[in-house]
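Close look at the chain arrangement
Given next are the chains, with one letter for each unit.
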Amino acid sequence: MALCSDAAMVLFYDIDGDTADHDHWHSHEHLHERLSVPGFLRATRWIATESGPRYMVTYEVSGTDVATSQGYLDRLNDPTSWTGAIMPRFRGMMRGFCTIPASEGYGLGGFATAFRFQPGPGHEDAAASWIAQEVLQEIAYRPGVASVQLLRPTAPPPMTREQALRGADTPLPWLLIATGYDAALLGQAVERGFDPASEAAAGLIGDVVATHYVLNHTATADEVARTPKPQFPR
């Protein structure tokens, strides 16, 4: 796989109010906390360059069983005061754990396009096969592209105290995330990925929604293990 593992958690959301305050909390408390939980390998925050959701956050994890692991649930059910102040400002949270059944290329480029879509009931395997054999191959090795992955959502994670602070999450749809080192060339490459005739043949329903992002902050569990959690005045 191009990422650190074959499973991930992905979040899309907006923030009410000062985004700089959110980013400060997210970088110096939240990412450090998450990457201290066993099974979390790398976290990456992306910022939308046009229409939202403003934030896409990806966590590469050792497996989707992290969603119900005791270490993760303990953290979510004991939010800090800073987290408690930030969480009610989240808007439109879409969140879930995914397997990564198909991937091409390697590494993360500084730019990303995320496609959100949904196969119709009974068409899941056909959609996964089409994307793996056609879409990823069409995009992955064009100039400007670093890597592209298909992410297939699993069952929604359980409600926790932290989630209750912001309200129920919207379940995550299927995703295709392509990253690249040249925004214009990545845009040209991903335009080849989906077309209405192929979407219908693969059993996709509804619209395929694409959002463009730029990398904002990334860190690994190994880095966090070597760095004491920062202490900041609130």
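What comes next is a walk through the structure. It should be emphasised that the depicted structure is a prediction, and the values quoted were computed from it without experimental measurement.

A few points about the environment of E134
Summarising the element assignment, E134 is placed in helix α4 (residues 124-140). Placed 80 residues apart in sequence, E134 and R54 show a C-alpha to C-alpha distance of 29 Å.

Observations regarding helix α6 (residues 183-190)
For α6, every residue scored as buried is listed here: L186, G187, A189 and V190. Buried residues of α6 fall within an arc of 160° about the axis and therefore sit on the same side. Residues of α6 that are buried make contact with β5 (111-119), α4, β6 (145-153) and β8 (174-180). Two to three positions downstream of the cap, the backbone nitrogen of A184 sits 3.1 Å from a side-chain oxygen, assigning the N-cap of α6 to D182.

Quick notes on the side chain of T113
Considering the arrangement of structural elements, one finds T113 in strand β5. Taking the relative accessible area as the measure of exposure, T113 reaches 1% and is therefore buried. A polar atom in the side chain of T113 sits 2.8 Å from the side chain of H212.

Thoughts on the pairing of strand β1 (residues 7-15)
One face of the sheet, then the other: side chains in a regular strand alternate in exactly this way. Counting buried positions over the nine residues of β1 gives eight, a clear majority of the element. In the sheet, β1 pairs with strand β4 (residues 90-105) via eight bridges, with the strands oriented antiparallel. Residue pairing for β4: A8 is matched across the bridge by C98.

Some points on the nonpolar core
Judged by nonpolar contacts, the single largest core of 29 residues is most densely connected at Y13, F40, Y59 and F90. Among the elements of the structure, β1, α1 (19-35), β2 (40-48), β3 (55-61), α2 (70-76), α3 (81-86), β4 and α8 (221-225) are those that each provide at least two residues to this core. Here the element with the most residues in this core is β1; it accounts for five residues. Judged by nonpolar contacts, the second largest core, of 23 residues, contains A102, V135, V148 and A189.

Observations regarding unusual backbone geometry
Here the amide bond leading from G52 into P53 is cis, since omega sits at 5°, within 30 degrees of zero. Mapping P53 onto the fold places it in the loop between β2 and β3.

A few points about the pairing of β6
For β6, the tally of buried residues reaches seven of nine residues, placing the bulk of the element in the interior. Two elements, β4 and β6, share six bridges in a ladder whose sense is antiparallel. Each bridged residue has a counterpart across the sheet, and for A102 the counterpart in β6 is L150. Summarising the sheet, β6 and β8 pair through six bridges and their orientation is antiparallel. Its bridge partner lying in β8, V148 is registered against A178.

Focus on the packing of aromatic side chains
Per the stated rule, a full pass over the model turns up 11 aromatic pairs. Their ring planes at 35° and their centres at 4.5 Å tell us that Y13 and F90 sit as a pair that is tilted. Taken together, the residues Y13 in strand β1 and F90 in strand β4 connect sequence positions 77 residues apart. What makes F90 buried here is its relative accessible area of 6%. An angle of 45° between the planes, with centres 5.3 Å apart, marks the rings of F40 and Y72 as tilted. On the criterion of sequence distance, the pair formed by F40 in strand β2 and Y72 in helix α2 is long-range, its members being 32 residues apart. Accessibility assignment for this pair places F40 and Y72 in one class, buried.

The rules we used
Residues numbered from 1 in each chain as written. Predicted model: local features only at pLDDT ≥ 70, side-chain atom pairs only at ≥ 80, totals over all residues. Heavy atoms only, no water. Helix = DSSP H or I, 4+ residues; strand = E, 2+ residues; numbered from the N terminus. Buried < 20%, exposed > 50% of the residue type's maximum accessible area, 1.4 Å probe, protein only. Arc of directions from axis to C-beta. Contact = heavy atoms within 4.5 Å. Polar contact = N/O pair within 3.5 Å; in protein donor to acceptor, adjacent residues only side chain to side chain. Pairing = 2+ DSSP bridges. Core = buried A, V, L, I, M, F, W, Y, C linked by side-chain atoms within 4.5 Å. Phe/Tyr/Trp six-rings, centres within 6.5 Å; stacked < 30°, edge-to-face > 60°.

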